[in-house]
Every structure is written in C-alpha cells, then in structure tokens.
Amino acid sequence: MEVEAQAQISVMSGDFNNIYRQIVIAAEHPHLSIPKTEDGKTRKQYHPFLDRSLMLFSVGIGAAVAFGMGVARKNAADKKTKGL
C-alpha cells in the first residue's frame, strides 16, 4: 500500500476549507481507500447467483414441507373417517 504525500497548507491562500473537506470525506468513506482485488471482483460476480440459488432452495423446501403437511392431514382425516 502506498502512503500519499502530505498535503501542503497555505494560510495565505486559505486552503483550510479544502483540507477540512478532505478529512471529512476520508472519515465518512473509509472504504474508498481500500484497493479492489481480483478475489473481491469474482466474489461480487457470484454473490447474486448464490443468493438466487439459496432463495430457490428455500422456496423448494417450503413447498415440500407444505405438501407433506397436506398429505399427512389428508391421511389422518382418511383414517379418522374409516375408523368410524
């Protein structure tokens, strides 16, 4: 990582506002100084795919559980009516 050179401040030209703004921006957005890596780019590409896959899997499991509960209730109702 590189360290930026110190900023020169001139009292005569009134650079205090610019320096203050740079400090505030760096404090509000510290992530902007972190360099992007290839690993981060590939992870960002596959993240939506992983999210969609997990959502599809969750919906499938929910549907299977709901179907199973329906079949179990139907079987229980059939046993009850046959037993009477």
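Going along each chain's sequence as written, the residues are numbered from 1 onward. The predicted origin of the model limits local features to residues at a pLDDT of at least 70 and limits the giving and counting of side-chain atom pairs to 80 or more, whereas totals for whole chains, interfaces and linings rest on all residues. Note that the side-chain values use all heavy atoms of the structure and ignore hydrogens as well as water.

## Things to note about the pattern of salt bridges
Here is step 1 of the chain: A pair is scored as a salt bridge if a Lys or Arg side-chain nitrogen falls within 4 Å of a carboxyl oxygen belonging to Asp or Glu. This structure, assessed with the given rule, holds two salt bridges.
Here is step 2 of the chain: Residue Glu 38 is joined to Lys 41 by a salt bridge in which the shortest nitrogen-to-oxygen separation is 3.8 Å. A residue pair is termed a helical-turn pair when its members lie 3 or 4 positions apart in one helix, as Glu 38 and Lys 41 do in helix α2 (residues 38-83) at three residues.
Here is step 3 of the chain: Owing to a relative accessible area of 58%, Glu 38 belongs among the exposed residues under this scheme.
Here is step 4 of the chain: Note on exposure labels: buried denotes an accessible area under 20% of the residue type's maximum, exposed denotes more than 50%, and partly exposed covers the range between, all computed with a 1.4 Å probe on protein chains only. For Lys 41, a relative accessible area of 43% puts it in the partly exposed group.
Here is step 5 of the chain: Here Lys 74 ties to Asp 78 by a salt bridge, and the two come within 3.3 Å at their closest N and O atoms. Placement of both Lys 74 and Asp 78 in helix α2 is noted, with a separation of four residues, approximately one turn of the helix. Only DSSP runs of H or I covering at least 4 residues are called helices, and only runs of E covering at least 2 are called strands; the numbering of each starts at the N terminus.

## Quick word on a nonpolar patch on the surface
Here is step 1 of the chain: A grouping of Phe 57, Ile 61, Val 65 and Met 69 is seen on the molecular surface, where their side chains present a nonpolar patch of about 430 Å² in accessible area.
Here is step 2 of the chain: Looking at where Phe 57 falls in the secondary structure, it is placed in helix α2.
Here is step 3 of the chain: Residue Phe 57 is classed as exposed on the basis of its relative accessible area of 56%. Patch construction takes residues with relative accessible area above 30% that form no salt bridge. Like charges are linked within 9 Å, and nonpolar side chains (Val, Leu, Ile, Met, Phe, Trp, Tyr) are linked within 5 Å. Note on areas: Shrake-Rupley with a 1.4 Å probe; residue coverage comes only from the protein chains shown.

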